[in-house]
Amino acid sequence: MNDAVNQQREAFYQRADTQALAPLWTRLKSLVPQWPAQVGVAHRWGYDDVRKFVMESAEHISAKEAERRVMILENPALKGTSQITHSLYAGLQLLMPGEVAPAHRHTQSALRFIVEGNGAYTAVDGEKTMMTPGDFVITPSWTWHHHGNEGNTPMVWLDCLDIPMAMFFNSTFREDHHADEAAITRPTGDALARYGQGLLPVGHTTTSLNSPVFNYPYARTREALHALTKAGAPDPHFGCQLRYVNPLDGGWAMPTISTMIRLLPAGVSTLPYRSTDGAVFIVVEGEGELHVGEIKFALKPHDVVTVPGWMAYTIRAQNDLVLFQASDRVAQEKLGFFREQRM
Ligand code: GTQ
């Protein structure tokens, strides 16, 4: 192509720009790339290292003043964005004995995966649930929620929210409750009794996009995982893996965040797998290693690992290894974007 043609084109682009027009052909390959660009990096937060900082946060601010006393797990390649993956936010929240994190609501959906402590509850939409390590708890969009620690140990849990997704749609609202604690209108355990026993109230209808079960207790999940190990060889890519479901329709438990848990029996190594959803893992029990690219992350209880979308990874279990996983897979599936590859 000669200079004259180039100059004519450039002049055309500049004149078009005055009318808020731009040529697609100079951008097509980046707008519609051949495969996903890597967003963020694979990273591990070792709990031994980060726990000190989470605990120290209580020396600097109360839960009430902070509203939510959380150390954000920010992807080191996405500094300043509060993103752990392209579409998800995650952090470690600390609630000290006697503290209440005051009631508020927002359009973002949250999940809690309980890390350590006992005696604290979260109240969601009028029902309290006690938080026990390994429990998976849902805070649906626009439901009032507050957290309280009635025990005598610090309580730590992993928060994962669809904040970046909500930000993308710029459709976010928040509201503070007039009281620190929103009204409790149903007894503790009500939701699990009604919806979490393989039973449903006759004639039940819902408008919620979330599972009516908002606490999936680890004791039950663990039992299910161990039962799976007795029923044949683990899946070569996933191990003994289960997804948390909405019992009303069998779909994912939340509309924007997919959640799964797996048990890799001692000695098992998974085959390489990749999918378009960037993942957040937390180790529930056991030790092992996660390999991604040239990197090897040692895995110990409560460590958090993120793997960007479309990066292949494998996991090796040194002893029985239980991993919880969150990603935006459910949203990608609904929108037709989700792709996966077993390698
Ligand atoms: O507990 O409601 O980590 O609103 C970030 C925003 C937790 C919460 C976070 C929140 C919350």
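Residues numbered from 1 in each chain as written. Predicted model: local features only at pLDDT ≥ 70, side-chain atom pairs only at ≥ 80, totals over all residues. Heavy atoms only, no water.

Each helix and strand in the chain was counted, giving eight helices and 22 strands. Taking 343 residues into account, the globule formula puts the C-alpha radius of gyration at 20 Å, and the chain, at 22 Å, falls close to it. Considered along the principal axes of its C-alpha atoms, the chain spans approximately 75 × 55 × 50 Å. Across the chain, the fraction of contacts at a sequence separation of at least 24, relative to all contacts at a separation of at least 6, is 75%. Roughly 17,100 Å² of accessible area belongs to the chain as shown, and the carbon and sulfur atoms make up 55% of that amount. Seen as two clouds, the 30 positive and the 36 negative side-chain charges of the chain have centres 5 Å apart. (Helix = DSSP H or I, 4+ residues; strand = E, 2+ residues; numbered from the N terminus. Rg over C-alpha atoms; globule rule 2.2 N^0.38 Å. Contact = heavy atoms within 4.5 Å. Areas by Shrake-Rupley, 256 points an atom, 1.4 Å probe, with all protein chains shown as cover. Lys, Arg positive; Asp, Glu negative; His and termini not counted. Charge placed at Lys NZ, Arg CZ, Asp CG, Glu CD.)

Scanning the entire structure with this criterion turns up 16 salt bridges. Aspartate 303 serves as the salt-bridge partner of arginine 44, at 3.2 Å between the closest nitrogen and oxygen. Residue arginine 44 is located in strand E1 (residues 43–45), and its partner aspartate 303 is located in the loop between strand E18 (295–299) and strand E19 (304–307); the two are separated by 259 residues in the primary sequence. Between glutamate 127 and arginine 186 there is a salt bridge whose closest N-O contact spans 3.5 Å. Of this pair, glutamate 127 sits in strand E7 (residues 127–131) while arginine 186 sits in the loop between strand E11 (174–176) and helix H6 (190–195), and the two are 59 residues apart along the sequence. Taking the relative accessible area as the measure of exposure, glutamate 127 reaches 2% and is therefore buried. In this structure, a network of salt bridges that share partners links the residues Glu67, Arg174 and Asp176. (Salt bridge = Lys/Arg side-chain N within 4 Å of Asp/Glu carboxyl O. Buried < 20%, exposed > 50% of the residue type's maximum accessible area, 1.4 Å probe, protein only.)

Moving on, we get to empty space enclosed by the protein. Per the stated rule, a full pass over the model turns up one cavity of 30 Å³ or more. Residues belonging to the lining of the largest cavity are distributed by class as follows: six nonpolar, two polar and two charged. (1 Å grid on protein atoms, 1.4 Å probe; cavity = no way out; pocket = protein on both sides within 12 Å on 5 of 7 lines; lining within 4 Å. Points joined across faces, edges and corners; volume = space filled by probe spheres on them. Nonpolar A, V, L, I, M, F, W, Y, C, P; charged D, E, K, R; others polar.)

The strand order across the open sheet formed by five strands is E7-E6-E9-E4-E11, and the pairing between neighbours is antiparallel. The open sheet terminates on both sides in strands that have one partner only, identified here as E7 and E11. Pairwise comparison of adjacent strand axes, ignoring direction, gives a mean angle of 25 degrees for this sheet. Here strand E6 (residues 120–124) pairs with E7 via five bridges, running antiparallel. Considered in E7, the bridge of tyrosine 121 is made with methionine 130. (Pairing = 2+ DSSP bridges. Axes fitted to C-alpha atoms, helices over the stretch in contact; angles between N-to-C directions.)

A cluster of nonpolar side chains, Phe12, Leu24, Trp25, Leu28, Leu31 and Val32, forms an exposed patch at the surface whose accessible area comes to about 630 Å². Inspection of the secondary structure puts valine 32 in the loop between helix H2 (28–31) and E1. (Patch = residues over 30% accessible without salt bridge, like charges linked within 9 Å, V, L, I, M, F, W, Y side chains within 5 Å.)

Turning to the site of the ligand, a few remarks are in order. Around the ligand, the neighbouring residues are Arg68, Val70, Tyr89, Gln93, His104, His106, Arg112, His145, His147, Asp159 and Leu161. A distance of 2.9 Å separates an oxygen atom of the ligand from a polar side-chain atom of histidine 106. The separation between an oxygen atom of the ligand and a polar side-chain atom of arginine 112 is 2.8 Å. Coverage of the ligand by the protein chains reaches 90% of its 290 Å² of free accessible surface. At the level of secondary structure, the elements contributing two or more residues to the shell around the ligand comprise strand E3 (89–95), strand E4 (100–106), strand E9 (145–149) and strand E10 (155–161). Here the shell around the ligand is built from residues that sort into three nonpolar, five polar and three charged. (Near = heavy atom within 4 Å. Polar contact = N/O pair within 3.5 Å; in protein donor to acceptor, adjacent residues only side chain to side chain.)

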